[in-house]
Amino acid sequence: MGKVTLIGLGGSLRRGSTSLAALRVVLRASEDAGANVRLFDIREMAIPLYQPDIEPSPRTLEFVDAVGHAQAMVWSSPMYHGSVSGSFKNAIDWLQLLARRDPPYLTDKVVGLMTAAGGTQGLQAVNTMEFIVRSLRAWAVPLVMPVAQAAQAFDENGTLRDDNLANQLANLGREVVRAAKQMTATGACDYMQHPIPVPTLGS
């Protein structure tokens, strides 16, 4: 199986974003696992609020086109009030521009999900992301990474203090690449449910 292209999307509008720092760890592992990696930092993107009737900015089109040509993504958002941040959701909303492509949206792309939370809860935002992944016709890998108490997990340089957490984040990156390679080669990956047989008349 050859290389796959993976897009990392994440961070926040805050300087020193822990969700961005965690995403960088995952992307390094993805690159080591054989992916061509590209990072889209929410803060640097500075894309406008999604409106169906405005002309997308060049940076927005660059992002959407990169996603359209990729085989995999990793999403990383801070958890705000039990969900993803508004700026992260806005970037996802612009993927509506992929609706008329063939195949549309994120059909059969593989997506890894992670969050950075100030407290001990992070799965609420992951659950929100999983609903979005399904609506965009992609596949979320079962391994997810909610980073709890993220402000304590990184030092002032954005370096992880905990080797176990670093290994867990790296595992997510490797798993996304593994599944994306399978999907690219065979049209399926080994965690997908087997299709339910359609009963024939009279069965």
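Heads up: the structure comes first, above all this text.
Calculation notes
- Residues numbered from 1 in each chain as written.
- Predicted model: local features only at pLDDT ≥ 70, side-chain atom pairs only at ≥ 80, totals over all residues.
- Heavy atoms only, no water.
- Helix = DSSP H or I, 4+ residues; strand = E, 2+ residues; numbered from the N terminus.
- Contact = heavy atoms within 4.5 Å.
- Core = buried A, V, L, I, M, F, W, Y, C linked by side-chain atoms within 4.5 Å.
- Buried < 20%, exposed > 50% of the residue type's maximum accessible area, 1.4 Å probe, protein only.
- Salt bridge = Lys/Arg side-chain N within 4 Å of Asp/Glu carboxyl O.

> Tell me about the environment of Y80, and name the residues and values.
Inspection of the secondary structure puts Y80 in strand 3 (residues 72–80). For Y80 and G122, which are 42 residues apart along the polypeptide, the C-alpha to C-alpha distance reads 9.5 Å. Dropping the residues within four chain positions of it, Y80 is found in contact with S12 and S85.

> Please set out the nonpolar core residue by residue, giving values where relevant.
With 34 residues, the main nonpolar core has L9, F63, W75, L95 and L106 as its most contacted residues. Taken together, the elements giving at least two residues each to this core come down to strand 1 (4–10), helix 2 (42–45), helix 3 (58–69), strand 3, helix 4 (86–93), strand 5 (110–116) and helix 5 (123–135). Here the element with the most residues in this core is helix 5; it accounts for 5 residues. In this view, L106 contacts V67, M73, W75, L95, L98, L136, R137 and A138; residues no more than four positions away in its chain are not counted.

> Can you explain helix 4? Please cite residues and give values.
Among the residues of helix 4, those classed as buried are F88, N90, A91 and I92. The elements touched by buried residues of helix 4 are strand 1, helix 2, helix 3, strand 3, strand 4 (83–84) and helix 5.

> Summarise the environment of E156; cite the residues concerned and give the values.
Structurally, E156 is set in the loop between helix 6 (150–153) and helix 7 (163–186). Looking at E156, the relative accessible area reads 71%, which means it is exposed. Placed 140 residues apart in sequence, E156 and G16 show a C-alpha to C-alpha distance of 8.0 Å.

> For the pattern of salt bridges, give the residues involved together with the corresponding values.
All chains considered together, the criterion is met by 6 salt bridges. For R38, the salt bridge identified is with E62, shortest N-O distance 2.2 Å. Taken together, the residues R38 in strand 2 (residues 35–41) and E62 in helix 3 connect sequence positions 24 residues apart. In this structure E62 comes out as partly exposed when scored by relative accessible area, which is 33%.

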